[in-house]
Amino acid sequence: KQEVTQIPAALSVPEGENLVLNCSFTDSAIYNLQWFRQDPGKGLTSLLLIQSSQREQTSGRLNASLDKSSGRSTLYIAASQPGDSATYLCAVSADNYGQNFVFGPGTRLSVLP
Amino acid sequence: DGGITQSPKYLFRKEGQNVTLSCEQNLNHDAMYWYRQDPGQGLRLIYYSQIVNDFQKGDIAEGYSVSREKKESFPLTVTSAQKNPTAFYLCASSTTLTGGYTFGSGTRLTVV
């Protein structure tokens, strides 16, 4: 059974720092991996979607990498801002049918002004 | 803009009542899902539907019911059989083109 873990559980950094969030999964036979952001009391916002054939995806200050063989993904946030404060979740799917999405517990990020 | 709309944002239920949460999408996605999120816990799948008029139970379906009469709509009913319904409910949809998820903004249900 696929299991997804995220380290650290919480992170507090000063504004302007570059930071890395980690996501690990136990079964490397994935179809895709998706990173989400969740603000308190809100839904999940998709940040980046990486297909299994891809190594990384970039959007603005965000860069996500995928290493299937080692069961790891990292989300790199450059020049962090207080507005980046949120919980970041990763999820993996074994196929493109969606019901097999497995979510990690999330990393709670606080960026201090 | 395409997206998923959940309503209401906040919902209060009395003991013994059934309540229905609305979820509508205009993304033309085939699949739709309902998740429950409790404080300190991850997302748990309640029900999902891959096509109209078909749906499957997820990990915690007891006390819930759904319907999928239209591609755009996937309402969730929280029945009186659900003993601990207070939670944050999230609706999502996905396309088989990429398998990626899109989420709604959520409904917070509280039992009073």
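Residues numbered from 1 in each chain as written. Chains lettered and ligands numbered in written order. Predicted model: local features only at pLDDT ≥ 70, side-chain atom pairs only at ≥ 80, totals over all residues. Heavy atoms only, no water.

Got a minute to help me understand unusual backbone geometry in this structure?
Residues other than glycine predominantly adopt negative phi, and peptide bonds predominantly adopt the trans conformation. Proline 8 of chain A follows isoleucine 7 of chain A through a cis peptide bond whose omega is 0 degrees. Counting through the fold element by element, proline 8 of chain A comes out in the loop between strand S1 (4-7) and strand S2 (10-14). The peptide bond linking serine 7 of chain B to proline 8 of chain B adopts the cis configuration, its omega dihedral lying at -5 degrees. By the secondary structure assignment, proline 8 of chain B is in the loop between strand S1 (4-7) and strand S2 (10-13). Notably, alanine 79 of chain A is not glycine yet its phi reads approximately 45 degrees, a positive angle. For alanine 79 of chain A, a relative accessible area of 37% gives the class partly exposed. Of note, the phi angle at asparagine 28 of chain B is positive, near 60 degrees, even though the residue is not glycine. Looking at the secondary structure, you find asparagine 28 of chain B in the loop between strand S3 (19-25) and strand S4 (31-37). Asparagine 28 of chain B gets classed as exposed once you look at its relative accessible area, which sits at 57%. (Helix = DSSP H or I, 4+ residues; strand = E, 2+ residues; numbered from the N terminus. Buried < 20%, exposed > 50% of the residue type's maximum accessible area, 1.4 Å probe, protein only.)

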